[in-house]
Amino acid sequence: MNIYAVKVIYKYEMLRALHTLAQSFASPVISTALYFVVFGSAIGSRIEQIDGVSYGTFIVPGLMMLALLTQSIANASFGIFFPKFTGTIYELMSAPVSFIEILLGYVGAAATKSFIIGLVILATAGLFVPLDIAHPVWMLGFLILTCISFSLFGFIIGLWANNFEKLQLIPMLVITPLVFLGGSFYSVNMLPPVWQTITMFNPVVYLISGFRWSFFEVADVSVWLSLTIVLGFLGACLITVWWMFKSGYRLKQ
Amino acid sequence: MQPIVSISNLSKTYTSGFHALKDVSLDISPGEILALLGPNGAGKTTLISIICGIVNASMGSVTVGGYDIIKDYRAARGLIGLVPQELTLGAFDTVWNTLCFSRGLFGKKPNPDFLEQLLKELSLWDKKDSMLMELSGGMKRRVLIGKALSHEPSILFLDEPTAGVDVELRKDMWALVRRLRESGVTIILTTHYIEEAEEIADRVGVINKGELLLVEDKFALMHKLGKRQLIIQLEEAVDIIPTTLSTWALELSAAGDQLTYTYDPRHVNTGVAGLLRSINDAGLLLKDVETSQSSLEEIFISLVNAKP
Ligand SMILES: Nc1ncnc2c1ncn2[C@@H]1O[C@H](COP(=O)(O)OP(=O)(O)OP(=O)(O)O)[C@@H](O)[C@H]1O
Ligand SMILES: [Mg+2]
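Since we're looking at a predicted model, the values are computed, not measured.

Caption draft 1: Quick look at the packing of aromatic side chains. Within this structure, the stated rule accounts for 21 aromatic pairs over all chains. Here the aromatic rings of Tyr12 of chain A and Phe101 of chain B are separated by 5.3 Å at their centres, their planes lie at 85 degrees, and the arrangement is edge-to-face. Linking Tyr12 of chain A in helix 1 (residues 3-19) with Phe101 of chain B in helix 3 (residues 95-105), this pair reaches from one chain into another. Residues Tyr12 of chain A and Phe101 of chain B agree in their burial class; the two are buried. Aromatic side chains Phe150 of chain A and Phe153 of chain A sit 6.3 Å apart centroid to centroid with 75 degrees between the ring planes, which places their arrangement in the edge-to-face category. Of this pair, Phe150 of chain A and Phe153 of chain A both sit in helix 6 (residues 136-160), separated by three residues, roughly a single helical turn. The exposure class assigned to Phe150 of chain A is buried, which follows from its relative accessible area of 8%.

See below:
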């Protein structure tokens, strides 16, 4: 194991975030705070409790997920896309590192950043609404799994994208709609039956449901199903990355 | 001696279908400086990229320090430092950080003293905290060299190290290359400039259209393929070459005061002595005599043009 390589990749990815501190940490926190003001206070005051939880509190897990998913993908995809774009990737490819070490460095750093963002948002939310976390261990577990699997997913996008447009495409066209339609701001059983069925094909629903359960013990689906889906997604991402490195996909001629 | 880099029957066909390398075999000895000479698109960068693990070979194999570059990629790559042809550097790093990064990436534990000495040797010490984007092209080139040397490789690949580099820096670079060689580093460099190969290399390989046309000791090559010329200055100009000299392949200059005799120095009987006697007998007065040897450049051009 080339520990020094993992260390330097991790360190420089974290340093990159520090250089752009405002963009990396402040902006997701500010936008989440804005959601609270708009949804929690303005709209929330007109909405009854959902499943016995006040609306402002109810949306906390969904908002965290929205930030975690977009930040994990953005961070990890950019982290590997940028060296490809500038050409500095030559060094990574000619270095004595395995794909595991590259993943630990890049995905580890991106996941760490998302994890910090998640905690900061949670703390921010605590300023606006009362928060009791029913299952802190489950909550942390989902938080960490989400950070890792979506950073991995972002890494795949960064490897796949060969221009800036593609880099933005998936997060904008796929992730944001899936999160918004995945029950971040409502409970799935508030939807008409047809939409409830369609929604069940949205993997993010399971993620948000499980995460919300760890807070309030209310869920759209069983927490075990949620966990299975998240682990399945993580496994699929790992296999994809492994294949990409093995075949040199978009990396090696 | 065991070769430090051994390339056997290497071929590369890019996904575009382009055949960039054709059955290249080459052994490189430890401690030598090998110059790869070839026109644009000859396949020099492709060859280096395969050895360093950036491009996959289509056929053939390479070992570095006895390690297969695929099976034992860790051991093989750990020995290599690569300075790429393009000035590829991140923008937002400092010189110091990027060197630390490279060293770590190659699995070496931090060694600030070594890096400090390296930066001083590259005249970059005062720039250590500068951002990479603030550096001039020549400085960036030196940073790339620094990155390649940061993990103390025993083989250094320099892909066109002197492109866009001024005379001063070029001299510094050759001084550095010589120092590295003295410390036992094997150096493989590519260049378009024959003078460069002539000046610095021990051996010269000529690549054209994906084929390695020859690899030869520099002096042996010049000796083997070089033609020598005897230039004879005459005291008094003549209109035509005297008929008594017609058996010699002589050329008369336009002004009529200079005779050029081209011969092959490998021949036992070059005929130089006889020629000078005959000139004397013909009644021509010699003013001066000099010889010149064809340079690598001429050898190179004749080689590259010989192949259709
Ligand atoms: N990624 C690629 N896909 C397709 N063809 C390529 C690729 N990279 C290089 N080639 C082709 O392979 C040939 C050899 O290229 P290479 O870069 O090895 O040449 P070179 O000898 O380094 O040239 P130069 O002196 O200009 O740097 C060229 O014809 C080039 O167009
Ligand atoms: Mg080249």
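Caption draft 2: Representation of the coordination of the magnesium ion (ligand 2) within the structure. All names here are of chain B. Within the protein, Thr45 (OG1) and Gln85 (OE1) serve as the donor atoms for the magnesium ion (ligand 2), at 1.9 to 2.1 Å. Of this pair, Thr45 sits in helix 1 (residues 44-52) while Gln85 is found in the loop between strand 6 (80-83) and helix 3, placing the two residues 40 residues apart along the sequence. Accessibility expressed as a relative area gives 31% for Thr45, which makes it partly exposed.

Caption draft 3: Structural detail: the pairing of strand 11 (residues 228-234) of chain B. All names here are of chain B. Burial analysis of strand 11 places five of its seven residues in the buried class, which makes it a mostly covered element. Direction of pairing for strand 11 relative to strand 13 (residues 258-263): antiparallel, over a ladder of six bridges. Paired with Arg228 across the two strands is Tyr263, which belongs to strand 13.

Caption draft 4: Representation of the domain arrangement of chain B in the model. Assigned domains of chain B: these are domain 1 (5-223) and domain 2 (228-294). Averaged C-alpha coordinates put domain 1 of chain B and domain 2 of chain B at centres separated by 46 Å.

Caption draft 5: Main features of the packing of helix 6 of chain A against helix 9 (residues 203-216) of chain A. All names here are of chain A. Running from N to C, helix 6 and helix 9 cross one another at 155 degrees; their axes reach a closest spacing of 8 Å. Between helix 6 and helix 9, the angle is such that the two are roughly antiparallel. Seen from above, helix 6 lies across helix 9 with left-handed handedness. In this structure, helix 6 uses Trp138, Met139, Phe142, Leu143, Thr146 and Phe150 to contact helix 9, whose residues at the interface are Leu207, Gly210, Phe211, Trp213, Ser214 and Phe215.

Criteria and cut-off values
Residues numbered from 1 in each chain as written. Chains lettered and ligands numbered in written order. Predicted model: local features only at pLDDT ≥ 70, side-chain atom pairs only at ≥ 80, totals over all residues. Heavy atoms only, no water. Phe/Tyr/Trp six-rings, centres within 6.5 Å; stacked < 30°, edge-to-face > 60°. Helix = DSSP H or I, 4+ residues; strand = E, 2+ residues; numbered from the N terminus. Buried < 20%, exposed > 50% of the residue type's maximum accessible area, 1.4 Å probe, protein only. Donors = N, O, S within 2.8 Å, 3.2 Å for Na, K, Ca; no water. Pairing = 2+ DSSP bridges. Domains from an automatic or database assignment. Axes fitted to C-alpha atoms, helices over the stretch in contact; angles between N-to-C directions. Parallel < 35°, antiparallel > 145°, perpendicular 65-115°, else oblique. Left-handed = near helix turned anticlockwise from the far one by under 90°. Contact = heavy atoms within 4.5 Å.

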